[in-house]
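Below, each chain spelled out in residue letters.
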Protein chains: 2
Amino acid sequence: MPKYVFDFVEGGKDLKDLLGGKGANLAEMTRLGLPVPPGFTISTEACRAYLAGGTVPDGLFDQVNAHLQLVEERLGKALGDPANPLLLSVRSGGKFSMPGMMDTVLDIGLTDVSVQGLAAQSGDPRFAWDSYRRLIGMFGKTVCGVPGEAFEHELDAHKSHAGVATDAELSTADLRHLVDAYKKVFHDHTGREFPQAPHEQLYLAIEAVFKSWNTERAVLYRRQERIPQDLGTAVNVMAMVFGNLGPDSGTGVAFTRDPATGVRGVYGDYLANAQGEDVVAGIRNTVPLQELERIDRHSHHQLLSIMDKLEHHYRDLCDIEFTIERGKLWMLQTRVGKRTPAAAFTIAAQLVDEGVIDLDEALRRVTGAQLAQLMFPRFDRAAAPEPLAVGVPASPGAASGRVVFDAARAAERATAGDKVILVRRETNPDDLPGMIAAQGILTSRGGKTSHAAVVARGMGKTCVCGADALDVDTDSARFTVDGTVVSEGDVVSIDGATGEVFLGEVPVHPSPVARYFEGEEPAGQDALLDAVHRLMLHADRSRRMEVRANADTGGDAARARRFGAEGIGLCRTEHMFLGERRALVERLILAETAADADGEREAALAALLPLQRADFVEIFEAMDGLPVTVRLIDPPLHEFLPPLEELTAKVARAEALGQDPGRDGALLGAVRRMHEQNPMLGLRGVRLGLVVPGLFAMQVRAIAEAAADCAARGRSPRPEIMVPLVAAVQELEAVRAEAERILDEIGGLPHVRIGTMIEVPRAAVTAGEIAGAAEFFSFGTNDLTQLGWGFSRDDVEGTFFPRYLGMGIFGVSPFESLDVPGVGRLVRMAADEGWAARPDLKIGVCGEHGGDPDSIHFFHAIGLDYVSCSPFRVPVARLEAGRAAVASAAAGSDSR
Amino acid sequence: MPKYVFDFVEGGKDLKDLLGGKGANLAEMTRLGLPVPPGFTISTEACRAYLAGGTVPDGLFDQVNAHLQLVEERLGKALGDPANPLLLSVRSGGKFSMPGMMDTVLDIGLTDVSVQGLAAQSGDPRFAWDSYRRLIGMFGKTVCGVPGEAFEHELDAHKSHAGVATDAELSTADLRHLVDAYKKVFHDHTGREFPQAPHEQLYLAIEAVFKSWNTERAVLYRRQERIPQDLGTAVNVMAMVFGNLGPDSGTGVAFTRDPATGVRGVYGDYLANAQGEDVVAGIRNTVPLQELERIDRHSHHQLLSIMDKLEHHYRDLCDIEFTIERGKLWMLQTRVGKRTPAAAFTIAAQLVDEGVIDLDEALRRVTGAQLAQLMFPRFDRAAAPEPLAVGVPASPGAASGRVVFDAARAAERATAGDKVILVRRETNPDDLPGMIAAQGILTSRGGKTSHAAVVARGMGKTCVCGADALDVDTDSARFTVDGTVVSEGDVVSIDGATGEVFLGEVPVHPSPVARYFEGEEPAGQDALLDAVHRLMLHADRSRRMEVRANADTGGDAARARRFGAEGIGLCRTEHMFLGERRALVERLILAETAADADGEREAALAALLPLQRADFVEIFEAMDGLPVTVRLIDPPLHEFLPPLEELTAKVARAEALGQDPGRDGALLGAVRRMHEQNPMLGLRGVRLGLVVPGLFAMQVRAIAEAAADCAARGRSPRPEIMVPLVAAVQELEAVRAEAERILDEIGGLPHVRIGTMIEVPRAAVTAGEIAGAAEFFSFGTNDLTQLGWGFSRDDVEGTFFPRYLGMGIFGVSPFESLDVPGVGRLVRMAADEGWAARPDLKIGVCGEHGGDPDSIHFFHAIGLDYVSCSPFRVPVARLEAGRAAVASAAAGSDSR
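Since this is a predicted model, take the numbers as computed values, not measurements.

Trainee: How would you summarise the overall build of chain A if you had to cite specific residues and measurements?
Mentor: A count of helical and extended segments in chain A gives 36 helices and 33 strands. In terms of overall dimensions, chain A has a C-alpha envelope of 105 × 65 × 60 Å along the principal axes. Per-residue burial over chain A gives 56% buried out of 896 residues.

Trainee: Which residues make up helix H6 (residues 148–162) of chain A, and what values do they have?
Mentor: Residues and elements named next belong to chain A. Here H6 contains 15 residues, and its C-alpha end-to-end distance of 21 Å stays within 8% of the 21 Å for a straight helix at 1.5 Å per residue. Where the residues of H6 are buried, they touch helix H5 (125–143) and helix H7 (172–190). Gly 163 lies just past H6 and shows a positive phi near 70 degrees.

Trainee: Lay out the UniProt feature "domain: Pyruvate phosphate dikinase AMP/ATP-binding" (unreviewed entry) in chain A in plain terms, naming residues and giving numbers.
Mentor: Residues and elements named next belong to chain A. UniProt records the feature "domain: Pyruvate phosphate dikinase AMP/ATP-binding" (unreviewed entry) for residues 17–54, 62–285 and 294–344 in the present numbering. Helix makes up 66% of residues 17–54 and strand 11%, with an end-to-end C-alpha separation of 21 Å. Between the end C-alpha atoms of residues 294–344 there is a gap of 31 Å, over a span that is 47% helix and 33% strand.

Trainee: Give me the packing of helix H4 (residues 114–122) of chain A against H5(A): which residues, what numbers.
Mentor: Each pair of packed helices can be summarised by the angle the axes make with each other and by the distance between the axes. Residue and element names in this part refer to chain A. Relative to each other, H4 and H5 sit at 145 degrees, their axes nearing to 7 Å. In this structure, H4 crosses over H5, and the sense of that crossing is right-handed. On H5, the residues that touch Val 115, Gln 116, Leu 118, Ala 119 and Ser 122 of H4 are Pro 125, Phe 127, Ala 128, Trp 129, Ser 131 and Tyr 132.

Trainee: Got a sec to walk through the relation of the copies chain A and chain B? Specific residues and values, please.
Mentor: The two copies are related by a screw motion: chain A maps onto chain B through a turn of 179 degrees and a shift of 0.1 Å along the axis, at an RMSD of 0.4 Å. Taken together, the turn and the small shift mark the pair as related by a two-fold rotation axis. Relative to the rotation axis, the C-alpha of Asn678(A) is the closest in chain A, positioned 2.2 Å from it. Looking at the interface residues of chain A, 100% of them are also at the interface in chain B, so both copies use one shared face.

Trainee: Go over the confidence of the model for chain A, please, and point to the residues and values.
Mentor: The pLDDT averaged across chain A works out to 92; a share of 98% of its residues lies at or above 70. Complex prediction metrics read pTM 0.88 and ipTM 0.87.

Trainee: Please give an account of the sheet that holds strand S27 (residues 568–572) of chain B that cites residues and values.
Mentor: Residues and elements named next belong to chain B. Strand order around the closed barrel formed by 8 strands is S26-S27-S28-S29-S30-S31-S32-S33, with parallel pairing between neighbours. Adjacent strand axes in the sheet meet at a mean angle of 30 degrees, parallel and antiparallel pairs treated alike. Examined bridge by bridge, strand S32 (residues 842–845) and strand S33 (residues 866–869) share 2 bridges and lie parallel to one another. Residue pairing across strands places Gly 844 opposite Tyr 866, the latter belonging to S33. The strands that helix H23 (residues 597–622) touches are S27, strand S28 (627–631) and strand S29 (718–723); relative to S28, the one it contacts most, it runs at about 150 degrees.

Trainee: Describe the pairing of S28(B), and please don't skip the residues or the numbers.
Mentor: All names here are of chain B. The buried fraction of S28 is high, at 5 of 5 residues. Side chains Pro 627, Thr 629 and Arg 631 of S28 all project onto a buried face; the interleaved residues Val 628 and Val 630 project onto the opposite face, where all are buried too. Of the pairings in the sheet, the one linking S27 to S28 comprises 3 bridges and is parallel in character. In the strand pairing of S28, Cys 571 is matched with Val 630. Pairing of S28 with S29 involves 5 bridges; the strand directions are parallel. Residue pairing for S29: Thr 629 is matched across the bridge by Glu 720.

Trainee: Can you lay out the packing of aromatic side chains for me, pointing to particular residues and giving the numbers?
Mentor: Between two aromatic rings, the relevant description is the distance of the centres plus the angle of the planes. Using the criterion set out here, one finds 59 aromatic pairs over all chains in the structure. Taking the centre distance of 4.8 Å and the plane angle of 55 degrees together, the rings of Phe151(A) and Tyr182(A) count as tilted. Pair noted here: Phe151(A) is in helix H6 and Tyr182(A) is in helix H7, with a separation of 31 residues, a long-range link. In this structure, Phe151(A) and Tyr182(A) share a single accessibility class: buried. Taking the centre distance of 6.4 Å and the plane angle of 55 degrees together, the rings of Phe376(B) and Phe872(B) count as tilted. Of this pair, Phe376(B) sits in the loop between helix H15 (368–375) and strand S13 (378–379) while Phe872(B) is found in the loop between S33 and helix H36 (874–891), placing the two residues 496 residues apart along the sequence.

Trainee: Before we move on, could you go through the interface of chain A and chain B and cite the residues and values that matter?
Mentor: With 58 residues of chain A at the interface, the matching set in chain B holds 58 residues. Across the chain A-chain B interface, the total number found is 6 salt bridges. It is helix H24 (residues 644–656) of chain A that contributes the most residues to the side of chain A that touches chain B, 7 residues altogether. Taken together, the residues that form the side of chain A that touches chain B break down as 29 nonpolar, 12 polar and 17 charged.

Trainee: Help me get a handle on the sheet that holds strand S18 (residues 440–443) of chain B, residues and values and all.
Mentor: Residues and elements named next belong to chain B. Taken together, 8 strands build an open sheet; the order of strands is S14-S24-S23-S16-S17-S18-S19-S15 and the sheet is mixed. Edge strands, defined here as strands with exactly one partner in the open sheet, are strand S14 (389–390) and strand S15 (392–395). In the sheet, strand S17 (residues 420–424) pairs with S18 via 4 bridges, with the strands oriented parallel. Bridge pairing links Val 423 to Leu 442 in S18.

Trainee: Can you tell me about the side chain of Asn25(A), naming the residues and giving the values?
Mentor: With respect to the element layout, Asn25(A) can be found in helix H1 (residues 16–31). Setting aside its immediate chain neighbours within four residues, Asn25(A) contacts Lys13(A), Lys16(A), Tyr314(A), Thr334(A) and Arg335(A).

Trainee: Which residues make up the side chain of Glu28(B), and what are the values?
Mentor: All names here are of chain B. Following the sequence through the fold, Glu 28 ends up in helix H1 (residues 16–31). Buried charge Glu 28 goes without a salt bridge, the closest partner of opposite sign being Arg 31 at 4.3 Å. Once residues lying within four places of it in the same chain are set aside, the contact partners of Glu 28 are Gly 12, Lys 13, His 313 and Tyr 314.

Trainee: I'd love a proper account of the state of the cysteines, names of residues and values included.
Mentor: Tallied over the full model, the rule gives 0 disulfides over all chains. We note that Cys463(A) lacks a disulfide partner, and the nearest cysteine sulfur, in Cys465(A), lies 4.8 Å from it. For Cys571(B), which is in no disulfide, the shortest distance to another cysteine sulfur is to Cys846(B) and amounts to 11 Å.

Trainee: Can you lay out the environment of Asp58(B) for me, pointing to particular residues and giving the numbers?
Mentor: Residues and elements named next belong to chain B. Take Asp 58: it is sitting in the loop between helix H2 (44–53) and helix H3 (60–75). On the basis of relative accessible area, Asp 58 is assigned to the exposed category, the value being 69%. Taking C-alpha positions, Asp 58 is 10.0 Å from Pro 2, a pair spaced 56 residues apart along the chain.

Trainee: Report on the UniProt feature "domain: PEP-utilising enzyme C-terminal" (unreviewed entry) in chain A, specifying residues and quantitative values.
Mentor: Those residues carrying the UniProt feature "domain: PEP-utilising enzyme C-terminal" (unreviewed entry) are residues 533–882 of chain A in this numbering. Helix makes up 53% of residues 533–882 of chain A and strand 11%. Its end C-alpha atoms lie 13 Å apart.

Trainee: I'd like a rundown of the domain arrangement of chain A, residues and numbers included.
Mentor: Segmentation of chain A into domains returns domain 1 (46–239), domain 2 (250–339), domain 3 (379–509), domain 4 (543–575 + 624–634 + 685–891) and domain 5 (637–675). Computed from C-alpha atoms alone, the centre-to-centre distance between domain 2 of chain A and domain 5 of chain A is 71 Å.

Trainee: Could you give an account of the pattern of salt bridges, with specific residues and numbers?
Mentor: Applying the stated criterion across every chain, the model contains 119 salt bridges over all chains. Across the salt bridge formed by Asp634(A) and Arg684(A), the nearest N and O atoms sit 2.8 Å from each other. Placement of the pair is Asp634(A) in the loop between strand S28 (627–631) and H24 and Arg684(A) in the loop between helix H25 (663–674) and helix H26 (686–691), with a sequence separation of 50 residues. On the accessibility criterion, Asp634(A) (9% relative accessible area) is buried. On the basis of relative accessibility, which here comes to 6%, the residue Arg684(A) falls in the buried class. Where Lys842(B) meets Glu546(B), a salt bridge forms, and the shortest distance between an N and an O atom there is 3.0 Å. You can see Lys842(B) sitting in strand S32 and its partner Glu546(B) sitting in strand S26 (residues 546–550), a full 296 residues away along the chain. Exposure remark for Glu546(B): the relative accessible area of 22% places this residue in the partly exposed category.

Reading the values: the criteria
Residues numbered from 1 in each chain as written. Chains lettered and ligands numbered in written order. Predicted model: local features only at pLDDT ≥ 70, side-chain atom pairs only at ≥ 80, totals over all residues. Heavy atoms only, no water. Helix = DSSP H or I, 4+ residues; strand = E, 2+ residues; numbered from the N terminus. Buried < 20%, exposed > 50% of the residue type's maximum accessible area, 1.4 Å probe, protein only. Expected span 1.5 Å × (residues − 1). Contact = heavy atoms within 4.5 Å. UniProt positions renumbered as here; feature names shortened; annotations may be inferred. Axes fitted to C-alpha atoms, helices over the stretch in contact; angles between N-to-C directions. Left-handed = near helix turned anticlockwise from the far one by under 90°. Least-squares fit on C-alpha atoms with pLDDT ≥ 70 in both. pLDDT = per-residue confidence, 0-100. Pairing = 2+ DSSP bridges. Phe/Tyr/Trp six-rings, centres within 6.5 Å; stacked < 30°, edge-to-face > 60°. Salt bridge = Lys/Arg side-chain N within 4 Å of Asp/Glu carboxyl O. Nonpolar A, V, L, I, M, F, W, Y, C, P; charged D, E, K, R; others polar. Lys, Arg positive; Asp, Glu negative; His and termini not counted. Disulfide = S-S within 2.5 Å. Domains from an automatic or database assignment.

Okay, structure coming up:
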């Protein structure tokens, strides 16, 4: 029989797989000699055996009893002893913390008999009966599934009968009656008496923890978070200590540094004469931890010393839970503490200065997601009113605007020039046009995977959802919060990083971190900016991957360069065909039906050439000396024409009224002729280039002439030509031959590399062949995701993505973070086979995943040469590329 | 220095790589002791060396001279000998026969001097000068690139001057003048005199053959046919023999059996006093080979005996070219002969009966493509007039209809109930609606990869293209052939298997082979049907793969069963929602906006349930005892609504006229709400099933209830449930859980297997995971091709496919034959990883590739369990599955 039960003295913090996070840290504190109440942990292995067999594994309770006896001996008390009863807490604790699982049962061991013993032993009968009442309620609810409201109903009835407002005012007699009432509730709902055998209470509680691993909510949570379903949870059994034994008792939580700002010095709350759950329930106000010094100087001193010890031991900010029982301090929990993004950077730098960690470790402790949050513009807190409500922070950003309650109205007002916030109970695909038109989206229902949240994140739009204090009445076009009525046209502000909703317009200011990256000198010494600066420096020093930007204009390119981009990884040329140039593109398209089709087409292209050349000159200037990867035109030409539906309606109306539709008629003809069922799968990219004579040639000529022009003026242009949508090496060979001919003809340039996007699955699986004609690969992970999964982002983010995220089919949208097992496998395969065929092949990524932290780690791990992302994400990518390098160096797992 | 030159006595038929097809067979005949003029072959290796170095490899001409000397010694003549000149022919001959390469130069060795010698030696000055004239023309054209018309122009001028109609009537004097004129043409175009050194003529001709390997047309042809570009060609140099030395000379071609019907007995044509090229030029009519017995009994006898020997030696139908020079027979070429599909089957069976080959070999000698041709309905030859014209047989079938000359008119007349044939000079994407409406397509320009050909094959529509005798005048809506005018509305018939175009309606009758498969007993003994019957039996006995059919109705299922299907591999359920049931689907869709959405939806589904159940009962009855794989509904729901454009125009018109659009308005709302940019990449397949509550459940219930109903009546229904468009195992798990619940609830069924389509690239790369939830895989190779390449068939077959085929980017459309290196790699990977995860996983294919011969061989090679195809293709698939099995058994390469 395996060893299932471990005394706290037997474990340690590195045994989280076996003992769960909580158990491992309790053991660690015990080993450090800190005052932890005695207890033991039942391993995750026992839970797995239970779940596999459906019954408690043989011998488990024998081991529990043996360890319990050790606890009893150490404390000189016994479970169920009528005179001197030992009470126990039972807590779940898996490797990862997980909502939806059974949390805690306190005071196990109390019965009709032992409650008397506890009263006598503690000298506090009220305390004893209150504890018994708590046990029956908690046990009933979490172990036996009795609805909590049934107990609360009795509690309210008793308070009302006694004429008191709070639990604390109930007398011992009231509590004895309450115990009877709770026992009746228990019996009514379970059909059995509340168990009077203390060991039975313990066994049932342990089994309940095991079972709670598989509650629907826990399963769903794990599916969404991609936590394996077969880990199982540990169970922590610990002797009770009591913070509610009088004014010399109490309970508190504390952090070893300020988790909001990172400022040095402990930070916490204390509540005298209370148990931990009272703090959560908010029955009385806590006092700052400093107050404890006045209340119990000795315990305060001891606590500070323990926290110091823990921080040095864990080498990081720790948070703790503690209880003082009649002047004796007990540690109930510790872990590495959560913190804000600003605190994460500040603390990491502090710990380096303090000699606790090195820069590599500091870099591992901050994340790109935190940096991105620090870069968002934010509301001016000083100017902000109290929030009207707080919802789920679903998509970061700070947005203000006039509230509107339906999509059509949103689009209408936005067209009229208003900034609007779309407010809905929840959104659905019909709301898409309104979501596009709005500055931000606010809903009263739904969480981070609701329709509103998913779609907003996809659009990069600010969103607060599930603000359930809002009573939204779309019919009357208004919402109500606590009596405040907000009607259509009123202004609100929403903070997508905190979930706050404010009435009125709150001033927004750019974040200091973003200003720092823009190159502004901070006014005075700023600990955060200093920390960011030092960690960015270290990231840049450490990373192997280059970071480039996706930029289509000289302005974007210049900004990207300020943000640290080392070139342009994707310069899209289709934007260059918009605006007044659209007329030339229409001419190019209509050329196909002209009498002299070739002549017309050539004339249209000739007119576009100097405009394109000027575009490139501007970009090469801004990126002087750095590579600029220009992607030849990608979208289908009909995208430059007015929409079919619009033209159809116009022409139909004209015809119905007997009018000549004129030019609209000709355009409608062209749109119909070029209409595609699935334009994403149609005539675009390299196909377009091979079908429309002269189109790619014009672009290559514009690039070469622009570069020659810059070079002639002493600049160092480094253009690279990238062919989109290649699926077969033969396509690339055909374009390459034409491009090389033009480059040779113009001459006077250093070697211009010609490469290809890998964005079509077939390109990934034939990458070895394609490498024969490509000097570089750039993964277009957006298209590769769309084609790999067979869905188009435009069509799915509003329809089934929210449902899929809700069902846990995705943990995260594959457009946000690369789908490693699926799309990632194609990427890895293509990279490996590309290098095998051409060892000096340069390989990067220019999809949006190039700026996503998790994806960057994957790209580093498989050995890619660079990532390219939007200018604003460049610092994030630099940081994560550095983190990936130090992490894999630490793990000894660098690939290339 | 390698050995580059091989005397005919040194080679043999198995040396095609080195000597090319022609050279290897000449050597084989020489080794067999047949009368082959002496000669030698310059190897493909020499050609490769030439192409790599750009010059003739060192020592090559020394080897040529050495071998030439042997020939001279054997014949007692010498190249360039003024008195007794040896003349040579030079012919190219690669491993594969290939248009676009230099073909032949005859009579090398003639000069101003040796022509006199030849005249004296042959006693026929006219022959000598005619030969010299031929040499200059052929050499000028093929070696030096002089335009052929320049020589023809002179020839015509001389005929006209001499007042004669044919070359044969030109006198010796005329021919001497013609030689002078040809030499002048040569000089005018090349800037040099016609070479008077016979060795120089030979060397230049050899070099020209080498160079012709890389002409644009040859390169393109190889790219299209996927023939490696680096094989190189061999060059055959042979002593000339002359069929034009008088009435006791002549030339002919022959087959050892009738290549049209397979009937035993030689079959050929003979032309006295002529050279081979005269036969091709059709100057005089040939006579049947039997006539030779009368003309030259000895040669005839000798020829029959040689042909008999060759057929036994090659163990197959051979075709030959021969020449008789003054009563002496010479063999100039032989190869395994081309034959019609009917002959292929008949001959294969005959050879088995004759003990020449075994059944395995017979099976390898017929193809599914041939069988498919035999199954097409055909024109009644007896009732057919002379063809009006013959074009390229681009897409098989027999179609009759009224000619129309533009797409709109085609659609119009088709709507009015006419059968139409769309006639165009060539087609383009604008013609698509007309091509869809027409019975067949006829063009006067373009080959097998023209727009018309590619699109028609994609649609399975009859097409003859490139019928260049047609003068098409679309403006006047008529075409002219040789003075016959055919106007819009006139009836024509086109045969897509032969390229013939007939005036009027030719009666069509079903092919006897199709009737045989339908189970009709042939009237009397029929050699073809007997052969088909025996070879199908052997294929069925030999094949490892099951063959199923794609069938959606009881009628289709019954037909498929008659054709030998062993189950249904794909039963699509979306067709079951059309017709009068469309109203229920509209109700289902509009339910989403109803006040009681859930209730309305359930009511709509409840009404659909009994209809679906009845569909399945019919199919299970027809396939009693055999598996029926039902695919749950796949297309997006909005496909069941009227098109957006149509509704938009209707509503716009109504509104412009101040009318209420009524129900159209509501439908337009739904269509707009559900509109997708790329419906193929939208809410369909498993996604639809997971998003619309109860939809899949209704279908599963209908399947289970139908099966229970059949089982209760003593039948053996074997339904399997297939989930479409799965990309992640989690999707399949979710559907599976619901389906199993319903199956359990209904009960009374044997185990119903639940599996998935593998049609999304991500499913292929995560097949190992997906196999955890799937009992079978069925590759949807159509979608896998679309997503793997990133193009949708609907959008591309009409736009860039013809261009891509023309450029050689594809050899064949990947929708016709599986793209093995790309899509095939995904299929193989998924199959291997599926089996690794679940060894008893059943894996098949239900895309259209399931009926394509080449693809079937691939599916066999990677070990798949079955293919499923349209009922009509079932016999083809059975045959090819058998062929694949015997081929891989012969190669010792069976996989599983």
